[in-house]
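In case you want the letters, here they are:
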Amino acid sequence: MSTTTPTVRPLTTRDADALVEAAVRAADRLGVTGSVTVLDAGGHLLGFRRDDAAVLISGETSTRKAHTALLLDSPTADLVELVRPDGLFHTLPTALDRPLLFLAGGVPLHRDGRLVGAIGYGGGAPEQDHRIAVAARDEAELI
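Residues numbered from 1 in each chain as written. Predicted model: local features only at pLDDT ≥ 70, side-chain atom pairs only at ≥ 80, totals over all residues. Heavy atoms only, no water.

Student: How would you sum up the nonpolar core? Please name residues and give values.
Tutor: Counting 23 residues, the largest nonpolar core has Leu19 and Ile119 as its most contacted members. Contributions of two or more residues to this core are made by α1 (13-30), β1 (35-40), β3 (106-111), β4 (114-122) and α3 (126-139). By residue number, the principal contributor to this core is α1, which donates 8 residues. Apart from the residues within four sequence positions on either side, Leu19 is in contact with Leu11, Val38, Leu109, Ile119, Ala136, Arg137, Ala140 and Leu142. Core analysis: the next-biggest nonpolar cluster, separate from the first, contains 5 residues, Ala66, Ala69, Leu70 and Ala118 among them. (Core = buried A, V, L, I, M, F, W, Y, C linked by side-chain atoms within 4.5 Å. Buried < 20%, exposed > 50% of the residue type's maximum accessible area, 1.4 Å probe, protein only. Helix = DSSP H or I, 4+ residues; strand = E, 2+ residues; numbered from the N terminus. Contact = heavy atoms within 4.5 Å.)

As structure tokens, this is what we get:
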């Protein structure tokens, strides 16, 4: 008897476009300008948008938040305490070639229980960025 692992549809550019647009709508509702980044399961860029009025660094922060959420398969809001000086991961932010960013605003994306990518938002206060990323994920039905 052969067992096969069910195939999970990967995150697509169409998914990324929907996530970016959902994040823009969520940010507009909160009055936040910033940047949104969508990565696939391999960490490759699938979608990106920076509002015209957003600070330039928001592009970098949204990308690093998405990357961090992807690598650790966890919302970055849940990881902030772990990198404090007495935290379990206190050296992790600088231990890798590509620095991670432990600020709220990065959220992993799952389909059928499997990790398919991540979204990151940067530009507002950390709790706003988290709300925007979660709203985009929920609207796109990628939990």
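Student: Describe in detail the sheet that holds strand β2 (residues 45-50), supporting the description with residues and values.
Tutor: Reading across the sheet, the 4 strands line up as β2-β1-β4-β3 and stay open at both edges, with antiparallel pairing between neighbours. Lying at the two open borders of the sheet, with one neighbouring strand each, are β2 and β3. The average undirected angle you get between the axes of adjacent strands in this sheet is 15 degrees. Sheet contacts for α1: β1, β2, β3 and β4; angle to β2, the most-contacted strand, approximately 25 degrees. Along the sheet, helix α2 (residues 57-72) makes contact with β1, β2, β3 and β4, crossing β4 at roughly 155 degrees. (Pairing = 2+ DSSP bridges. Axes fitted to C-alpha atoms, helices over the stretch in contact; angles between N-to-C directions.)

Student: Describe α1, naming the residues involved and giving the relevant values.
Tutor: Under the 1.5 Å per step criterion, the end-to-end length of α1 is 26 Å for 18 residues, consistent within 8% with the ideal 26 Å. Three or more residues of α1 are buried, namely Asp15, Ala16, Leu19, Val20, Ala22, Ala23, Val24, Ala26 and Ala27. Contact partners of the buried residues in α1: β1, β2, β3, β4 and α3. Residue Gly31 follows α1 closely and has a positive phi angle near 70 degrees. (Expected span 1.5 Å × (residues − 1).)

Student: Mind laying out the pairing of β4, listing which residues take part and the relevant values?
Tutor: With 7 of its 9 residues buried, β4 lies for the most part within the structure. Inspection of the sheet shows β1 paired to β4 by 6 bridges, in the antiparallel sense. Looking across to β4, one finds that Asp40 is bridged to Gly117. For β3 and β4, the ladder comprises 6 bridges, and the chain directions are antiparallel. Note on β4: the bridge partner recorded for Leu109 is Gly117.

Student: Break down α3 for me, with residues and values.
Tutor: In a regular helix each residue adds 1.5 Å, so 14 residues correspond to 20 Å; α3 covers 20 Å between its end C-alpha atoms and thus fits that length. Buried within α3 we find Asp129, Ile132, Ala133, Val134, Ala136 and Arg137.

Student: Any chance you could break down the environment of Arg131 for me, citing the residues and the numbers?
Tutor: Considering the arrangement of structural elements, one finds Arg131 in helix α3. Through-space distance from the C-alpha of Arg131 to that of Gly106 is 9.9 Å; in sequence the pair is 25 residues apart.

Student: An account of unusual backbone geometry is needed here, citing residue identities and associated values.
Tutor: Here the phi dihedral of Asp73 falls at roughly 45 degrees; this positive angle occurs in a residue that is not glycine. Within the secondary structure, Asp73 sits in the loop between α2 and β3. Not every positive phi belongs to a glycine, and Asp112 is a case in point at roughly 55 degrees.

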